[in-house]
Amino acid sequence: MSKQLWNKGFEPDKMIERFTVGKDRELDLRLARYDVQGSMAHIRMLESIGLLTKDELSLLLPALQEIADSIEKGEFTIEDGIEDVHSQVEFLLTAKLGDVGKKIHSGRSRNDQVLVDLKLFFRDELKRIAEAVGRLFDRLQSLSEAHRDKLMPGYTHLQVAMPSSFGLWFGAYAESLVDDMQLVAAAYNIANQNPLGSAAGYGSSFPLDREMTTSLLGFADLHYNVVAAQMSRGKTERAVAAAIAAVAATLGHLAMDVCMWMCNNFGFVKFPDELTTGSSIMPHKKNPDVFEIMRGKCNRMQSLPNELTILTANLPLGYNRDLQLMKDIMFPATTDLVECLDMADFMLSHIEVKADILDDSRYDYIFTVEDVNRLVREGVPFRDAYRKVGLSVQDGTYSPTREIRHTHIGSIGDPANEKIAAKMKSILSKFK
Ligand code: ARG
């Protein structure tokens, strides 16, 4: 006898079962703890509205706690023949408690159950991402301060342009992460709303106390309208994907910079030998594979919003099984992002930065704007000063004064790291 919750006396075709269940048995393991949390809140609420007795509740709660413990110990599995985590939990309860176990699904559908699981899951994953971003942010800021006065070339069109500094370079990625965190916080707020009670997507004729489950599960608010609650599947994922893609874009960009600055032709940064990788044929190679893998993973993560858009475009209103496939897109991505953030933090804790790069005569022209500005300060109109320096470059007589006077806020002389730290602190405080 097959074990579908919806079994009505006929055996579903095995091939159909395998195809529709797909990777759920494996992926749903990440939802298991949230599924139990959701069920605990749901049955407390059912008891409060008279659909379970106190005695039934006091049998069910410890049994669910036992399942929760087995999940934390890594002993929980979804058995063959059982479709998903929601079914597995109900089967375990029924196996243990008989008829009482069969009562927990009143006023609920797997459609709102999986929604609750996903919201709780994304809430935690976004918090994990926020913490990892916070750690990398701190690393970048302290590197910015430590190397504040070490100059490096700034490029436009990948041509040597104006003086920059390691203080600005590290600090730039820190501030860029602040903007990404706005999106992470927005996704967090969208995920932090309770869909439970929307059932199959159209509510229930039981007088469900949805405010009670909202507060039991620690959600900031509800998805009130039951149809909107069901619509939030896909919408939540797209918000999370946008946040992940934003952080990934910044991190991927940083990874590309590091690969380039590590290139022998630049040689601006290096890492201890044991953090580089070698070649099977060229004995001298010390390769930046870590940052290449990071760049590749981050580039892939930027396709997440696109993948979800294509998967969910023009679905009919209400639950559709296509939505199940989003788990396979989103679950590996949150893990990959946190792993990349932690790896970047680790690598940067060992970065070595070259001093006195701009003393090399190949960067002489980087000082032309400084010299134009010096003439302007002496009273020469800007366009005349520009021409004068330009002509000296043209006829080969230009010789840089190498004097740098950037003092305004956000410049080499004042990277404003404390102001940027204050912005980050205020966003991170929203994840409490
Ligand atoms: N595994 C399913 C999913 O992720 C659970 C919900 C099933 N609901 C249904 N009506 N078949 O979407």
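The preceding data block contains the structure.
Residues numbered from 1 in each chain as written. Predicted model: local features only at pLDDT ≥ 70, side-chain atom pairs only at ≥ 80, totals over all residues. Heavy atoms only, no water.

Novice: Sorry if this is basic, but what is going on with the site of the ligand here?
Specialist: Residues in close proximity to the ligand include Asp24, Asp84, Arg110, Asn111, Val114, Arg233, Tyr319, Gln324 and Lys327, which together make up its full environment. The side chain of asparagine 111 places a nitrogen or oxygen atom 2.9 Å from a nitrogen atom of the ligand. Between the ligand and tyrosine 319 there is a distance of 2.5 Å, counted from an oxygen atom to a side-chain nitrogen or oxygen. When the ligand is considered free in solution it has 340 Å² of accessible area, and contact with the protein chains removes 86% of it. In terms of residue class, the shell around the ligand is built from 2 nonpolar, 2 polar and 5 charged. (Near = heavy atom within 4 Å. Polar contact = N/O pair within 3.5 Å; in protein donor to acceptor, adjacent residues only side chain to side chain. Areas by Shrake-Rupley, 256 points an atom, 1.4 Å probe, with all protein chains shown as cover. Nonpolar A, V, L, I, M, F, W, Y, C, P; charged D, E, K, R; others polar.)

Novice: So what exactly am I meant to see when it comes to the packing of helix H9 (residues 226-262) against helix H12 (residues 326-348) here?
Specialist: To describe two helices that pack against each other, one gives the angle between their axes and the distance between the axes. The N-to-C vectors of H9 and H12 enclose an angle of 30°; their axes lie 10 Å apart at closest approach. Classified by the angle their axes make, H9 and H12 are roughly parallel. For the crossing formed where H9 meets H12, the hand is left-handed. Mapping the contact onto sequence places Arg233, Gly234, Glu237, Val240, Ala241, Ile244, Val247, Ala248, Leu251 and Leu254 in H9 and Met326, Lys327, Met330, Ala333, Thr334, Leu337, Cys340, Leu341, Ala344 and Leu348 in H12. The residue makeup of the contact of H9 with H12, split by class, is 15 nonpolar, 2 polar and 3 charged. (Axes fitted to C-alpha atoms, helices over the stretch in contact; angles between N-to-C directions. Helix = DSSP H or I, 4+ residues; strand = E, 2+ residues; numbered from the N terminus. Parallel < 35°, antiparallel > 145°, perpendicular 65-115°, else oblique. Left-handed = near helix turned anticlockwise from the far one by under 90°. Contact = heavy atoms within 4.5 Å.)

Novice: How do you make sense of the pattern of salt bridges when you look at a structure like this?
Specialist: Working definition: two side chains of opposite charge can pair if their charged atoms are close together. Per the stated rule, a full pass over the model turns up 26 salt bridges. For aspartate 273, the salt bridge goes to lysine 286, with nearest N and O atoms at 3.4 Å. Taken together, the residues span a long stretch of sequence, with aspartate 273 in the loop between strand S5 (269-270) and helix H10 (289-301) and lysine 286 in the loop between S5 and H10 at a distance of 13 residues. The partly exposed category is assigned to lysine 286, whose relative accessible area is 49%. With a shortest N-O distance of 2.3 Å, arginine 402 and aspartate 364 are connected by a salt bridge. Highlighted residues: arginine 402 in the loop between helix H14 (382-394) and helix H15 (417-428) and aspartate 364 in the loop between strand S6 (352-353) and helix H13 (368-377), separated in sequence by 38 residues. (Salt bridge = Lys/Arg side-chain N within 4 Å of Asp/Glu carboxyl O. Buried < 20%, exposed > 50% of the residue type's maximum accessible area, 1.4 Å probe, protein only.)

Novice: I tried to follow unusual backbone geometry on my own but got confused; where do I start?
Specialist: Both trends apply: most residues other than glycine have a negative phi, and most peptide bonds are in trans. For asparagine 314, which is not glycine, the phi dihedral falls at a positive 60°. Assignment of secondary structure puts asparagine 314 in the loop between helix H11 (304-312) and H12. For asparagine 314, a relative accessible area of 79% gives the class exposed.

Novice: Got a minute to help me understand the environment of alanine 41 in this structure?
Specialist: Structurally, the position occupied by alanine 41 is in helix H3 (residues 32-48). A residue is classified by how much of its surface remains accessible, and alanine 41, at 3% relative accessible area, is buried. In the structure, alanine 41 is positioned 242 residues away from proline 283 in sequence and 61 Å away in space, judged by C-alpha atoms. Those residues in contact with alanine 41, other than ones at most four positions away along the chain, are Thr213, Leu216 and Leu217.

Novice: Sorry if this is basic, but what is going on with the side chain of lysine 119 here?
Specialist: Inspection of the secondary structure puts lysine 119 in helix H6 (residues 110-146). Buried and unpaired, lysine 119 has no salt bridge, with glutamate 237 as the nearest side chain of opposite charge at 7.1 Å. Side-chain polar atoms of lysine 119 contact the side chain of histidine 223, separated by 3.0 Å. When neighbours within four sequence positions are excluded, lysine 119 is seen to be in contact with Ile190, Ala191, Gln193, Pro195, Phe219, His223, Ser232 and Thr236. (Lys, Arg positive; Asp, Glu negative; His and termini not counted.)

Novice: Sorry if this is basic, but what is going on with the packing of aromatic side chains here?
Specialist: Aromatic rings considered in pairs are described by the distance between their centres and by the relative angle of their planes. Per the counting criterion, the structure on display carries 17 aromatic pairs. Within the aromatic cluster, the residues linked to one another by ring pairs are Tyr155, Phe166, Trp169, Phe170, Tyr173, Trp261, Phe266 and Phe268. (Phe/Tyr/Trp six-rings, centres within 6.5 Å; stacked < 30°, edge-to-face > 60°.)

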